[in-house]
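Observations on the model geometry
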Amino acid sequence: MSFAAPTDPLTGMQAARFGLYLHFPYCLAKCPYCDFAVAVARQVPEERYANAVLAELDARLAADPSLRTKPLESLFLGGGTPSLWHPRYVARVLEGIAARLSLAPGLEVSLEGNPERADAERFAGYRAAGINRLSLGVQSFQPETLKALGRAHDAAMVDGAVAAARKAGFPVVALDFIYGVHGQTLAQVEADARRAVTLEPEHLSTYALTVEREVLAESTPLSKQLERGELFLPEDDDVVAMARVVRDVYGAHGLARYEVSNHAREGLSSRHNALYWTGGEYLALGVGATGMLLSPEAHRYVNLRSPEAYLRTVEEGRLPEASREDLGPEELFAERLSMGLRLVSGVDWEAVCERYGQPVEPRRAEVERLVAHGFATRHGRRLALTERGADVHSAICARLL
């Protein structure tokens, strides 16, 4: 199977230009740090939800028929816990999407799963349905860290899930981790990284929980515990050290860092995630899903976060949007520049300015300072952050914007 993708001229990154994100909101339990649109349910309305997302797609195509002709290059089933969805309903949805949209050759089709919901038969069903990239939410192998994160699996379940994924024949198995957790040490983060590479994944994503803390809703259990002083996250310097040891271990085992938090074997980076970093457009279906389309006018929409409200609205034949925001040149410029600087390959910052009508010269001195002080490198017009710069990505973007 070919995973070739168009190369974005501003970043040099292979990325889908048009994708689809499908959100499956149901979970058996909600993690204390989670601020996604998630509903805890023991009985999941699997068939009803499958029918609803296809009905939403029909409504969106009726509103904009041009979407039918855009080649779909990536499709991502995220959550929530999509591995709770029975493979026959995943297959029904994928078949419905294929019947309604134009699929590009080598379409990347990803599904997120939890290790405790892994079994060979279920994974084989997903593979037969057309999933070719499985992303497992490992987060850690350490019992203390898993407990702090509210996760229900253990290290043995992770080993079993990876073995089941290999048996099912997924071309790409990706593992996701979190560091910077209450009580977590540098030694534990290094141990996680070293164990992760022994499983020989094609892709590894490792995110700092401190970054997520900035966007957590006040109602999340973790946010409340932090406010009350019941939990203490590692100091910033310790988190930076954790990020560096992760990069060192992954890099030594052939998983090159291509984005601030993502590593992959050659040619196997996530085309769908790269779509976000390179300014592509994406449909979004399902509860709480966020989509961004660039034509006829650039806009971002967010769907209703309540599953029952979403289902009822779609079944009544209406678009289930909670909000819609028009995006002007300044908003697109800020997003394109900041996301492009997350990539190791960097971004042609002058071309981004020119594309969105933003002045180049007032920013040139700041770019020169970043290079002179070791926060960035410049190759022609392409600006890329060094590891030192990546550690303070947000601050650098604020100065450039």
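See above for the structure.
A quick note: this is a predicted structure, and the numbers were derived from the prediction, not measured.

**A word on the packing of helix H14 (residues 361-372) against helix H16 (residues 393-400)**
- Two elements in contact, H14 and H16, have axes whose closest approach is 10 Å; the angle formed by their N-to-C orientations is 155°. Here H14 is positioned roughly antiparallel relative to H16, judged by the angle of their axes. On the side of H14, the interface is formed by Arg 363, Glu 366, Val 367, Arg 369 and Leu 370, while H16 contributes Ile 396, Arg 399 and Leu 400.
- Here the residues of the contact of H14 with H16 sort into four nonpolar, no polar and four charged.

**Examining the layout of surface pockets**
- If you add up the space inside the second largest pocket, you get close to 230 Å³.
- Forming the boundary of the second largest pocket are 15 residues, of which Met 13, Tyr 258, Glu 266, Gly 267 and Ser 269 lie nearest the centre.
- By residue number, the principal contributor to the lining of the second largest pocket is strand E9 (residues 256-259), which donates three residues.
- Across the lining of the second largest pocket, the residue classes tally to seven nonpolar, five polar and three charged.
- Both domain 1 (18-278) and domain 2 (329-400) contribute no fewer than three residues apiece to the lining of the second largest pocket.

**Topic: the packing of aromatic side chains**
- Using the criterion set out here, one finds 12 aromatic pairs in the structure.
- A ring pair is formed by Phe 123 and Phe 170, whose centres lie 6.1 Å apart and whose planes are at 85°; its orientation type is edge-to-face. Taken together, the residues span a long stretch of sequence, with Phe 123 in helix H3 (residues 120-129) and Phe 170 in the loop between helix H5 (155-168) and strand E7 (172-179) at a distance of 47 residues.
- Overall, Phe 123 belongs to the buried group, its relative accessible area being 0%.
- With a centroid separation of 5.9 Å and 65° between ring planes, the pair formed by Tyr 258 and Trp 277 is classed as edge-to-face. Of this pair, Tyr 258 sits in strand E9 while Trp 277 sits in helix H10 (residues 271-277), and the two are 19 residues apart along the sequence.
- One aromatic cluster in this structure is built from Phe 24, Tyr 26, Tyr 49, Trp 85 and Tyr 310.
- Over the ring of Tyr 301 we find Arg 60; its NZ or CZ atom is 3.8 Å from the centre of that ring.
- Stacked on the ring of Phe 375, the Lys or Arg Arg 388 has its end atom at 4.1 Å from the ring centre.

How each quantity is defined
Residues numbered from 1 in each chain as written. Predicted model: local features only at pLDDT ≥ 70, side-chain atom pairs only at ≥ 80, totals over all residues. Heavy atoms only, no water. Axes fitted to C-alpha atoms, helices over the stretch in contact; angles between N-to-C directions. Helix = DSSP H or I, 4+ residues; strand = E, 2+ residues; numbered from the N terminus. Parallel < 35°, antiparallel > 145°, perpendicular 65-115°, else oblique. Contact = heavy atoms within 4.5 Å. Nonpolar A, V, L, I, M, F, W, Y, C, P; charged D, E, K, R; others polar. 1 Å grid on protein atoms, 1.4 Å probe; cavity = no way out; pocket = protein on both sides within 12 Å on 5 of 7 lines; lining within 4 Å. Points joined across faces, edges and corners; volume = space filled by probe spheres on them. Domains from an automatic or database assignment. Phe/Tyr/Trp six-rings, centres within 6.5 Å; stacked < 30°, edge-to-face > 60°. Buried < 20%, exposed > 50% of the residue type's maximum accessible area, 1.4 Å probe, protein only. Lys NZ or Arg CZ within 6 Å of the ring centre and 35° of its normal.

That is the geometry; function is a separate question.
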